[in-house]
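Chain and residue survey
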Amino acid sequence: MQQSTWFTPEGLEDLLPPQAQKLEFYRRQLVDGFHLSGYDLVLPPLAEFTDSLLTGTARHMAVDTCRFTDQESGRMMGVRADMTPQVARIVSNRLKADGQISRLCYVGEVLKTRNNKAKGSRSPIQVGAELFGHDGIESDIEIIELMLESLKGINLNIKLSLGHVGIVDELIALAGLNDAQGSELIDILERKAIPEFDAFVAANISGAWTARFQQLISYCGNAADTIAKAQSEFSGLSVQMDAYLNHLAEMVQHLQATHASVDIHLDLADIRGFQYHTGIIFAAYSACGFLQPIAKGGRYDNIGADFGLALPATGFSLDLRGALDLLADVADNTDVVYAPCVSDADLQNKIEELKSQGIKVVKSYDLEQENGKKLSNQNGAWQLV
Ligand SMILES: N[C@@H](Cc1c[nH]c[nH+]1)C(=O)O
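Residues numbered from 1 in each chain as written. Predicted model: local features only at pLDDT ≥ 70, side-chain atom pairs only at ≥ 80, totals over all residues. Heavy atoms only, no water.

Describing the nonpolar core
Of all hydrophobic cores here, the largest spans 74 residues; its most connected members are Leu 151, Leu 160, Leu 162 and Phe 316. In this structure, Val 42, Leu 54, Ala 81 and Ala 88 belong to the second largest nonpolar core, which totals 21 residues. (Core = buried A, V, L, I, M, F, W, Y, C linked by side-chain atoms within 4.5 Å. Buried < 20%, exposed > 50% of the residue type's maximum accessible area, 1.4 Å probe, protein only.)

Some thoughts on the site of the ligand
Lining the immediate surroundings of the ligand are 13 residues, of which Thr 84, Glu 130, His 277, Lys 296 and Ser 317 lie closest. One of the side-chain N or O atoms of His 277 is found 2.8 Å from a nitrogen atom in the ligand. Against a free-state accessible area of 300 Å², the protein chains account for coverage of 92% of the ligand. Secondary structure elements with two or more residues in the shell around the ligand: strand S6 (125-132), strand S11 (295-299) and strand S12 (313-319). Considering only residue class, the shell around the ligand consists of three nonpolar, seven polar and three charged. (Near = heavy atom within 4 Å. Polar contact = N/O pair within 3.5 Å; in protein donor to acceptor, adjacent residues only side chain to side chain. Areas by Shrake-Rupley, 256 points an atom, 1.4 Å probe, with all protein chains shown as cover. Helix = DSSP H or I, 4+ residues; strand = E, 2+ residues; numbered from the N terminus. Nonpolar A, V, L, I, M, F, W, Y, C, P; charged D, E, K, R; others polar.)

Comments concerning the packing of aromatic side chains
The description of two aromatic rings rests on the distance between their centres and on the angle between their planes. One pass over the full model with this rule turns up five aromatic pairs. Consider the rings of Phe 25 and Tyr 26, whose centres lie 5.0 Å apart with planes at 90 degrees: the pair is edge-to-face. Judged by its relative accessible area of 36%, Phe 25 falls in the partly exposed class. Judged by relative accessible area, which is 6%, Tyr 26 ranks as buried. Taken together, the ring pairs in this structure connect Phe 132, Tyr 276 and Tyr 300 into an aromatic cluster. Across the ring face of Phe 49, the terminal group of Arg 75 is positioned such that the distance to the ring centre comes to 3.8 Å. (Phe/Tyr/Trp six-rings, centres within 6.5 Å; stacked < 30°, edge-to-face > 60°. Lys NZ or Arg CZ within 6 Å of the ring centre and 35° of its normal.)

Considering the pairing of strand S13 (residues 336-340)
Extensive coverage of S13 is indicated by the burial of four of its five residues. As defined by bridge partners, S13 adjoins strand S14 (residues 360-364) across five bridges and the pair is classed as parallel. Bridged to Ala 339 within S14 is Lys 363. With respect to chirality, the unit in which S13 leads through helix H12 (residues 345-356) into the neighbouring parallel S14 is right-handed. Pairing of S13 with strand S15 (residues 373-378) involves two bridges; the strand directions are parallel. Across the sheet, Tyr 338 pairs through a bridge with Lys 374, a residue of S15. (Pairing = 2+ DSSP bridges. Right-handed = clockwise from strand over helix to strand, strands pointing away.)

Laid out in structure tokens, this is it:
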């Protein structure tokens, strides 16, 4: 047998005890929390036709998506690299949830073509929530608060970073950049390549706009100060720009009132990893310093257009596998009882009764050797000894 037979591919790992149980514990806690906020669970399939998986705004995901030919239909399929576009397909095409608000949540493993550690796990276990059918700031607030509440519920201490994709887009439009220039700039910002950004601005932007792009990149820091600065310097550039900044300011004000203990940070030029987003974007970083966000999300209006129903949408997801080391270990305090392997209906009833009380009952093939409580037949009745 070749030695490589028992190796798993780079970035695809087994989760062993007790880590797997720990993940399951937190998964339940998160999904139960979503449920209590009115989010219904959906479980999309692991793979879909690339036509639906990589449609519209999700086409940017193509490089991350493992693809293969479906032996049934001959069509190209892909393993999901993100569940959000799948949930958008479900709401637009399966639930046809027009004219109403839909709240959905999901859990599942996703897969990425490459093992880029800087971008997080190659096979995240994605847990998330999406809200469809509302385009006001209230739904952005609901989703961000749900994320904060969920992370607090699993005892993760985080910092919140906020941004708005529209601000970069609007500045590009106002400065009169053409499509190619706009895409190049977005690509530079996605990589946060500051020297390239400076070179791009020097070569492509003139007059007062040069200073504005430099200001944009400087809008990074404490939320209250940064939004005040951005609002004073960008005020009046356009109605849209004012609206975007006002939305952010309102968001900051709201969260400072409801989540006073959360450290809120603004980064108006940070669009890294926000591929299909169109509005307010956000990320939660570990307060104990961790480069990858624990959870992230944002508004992504109209992603469902290709599925026949364009709905406003906002949501967030987190990678439970990536967050596992940051989560407290879960002690297994369940009582253990050993049971003999004998054919006896009363014993079986007793075992079921104990399990229904949350007691762990383990079959023993050598009861004498076990340390701990045992089920023993005492004068015809099964009892704990
Ligand atoms: N699925 C996105 C986050 C998101 C969820 N909903 C909206 N955005 C991601 O993993 O980056």
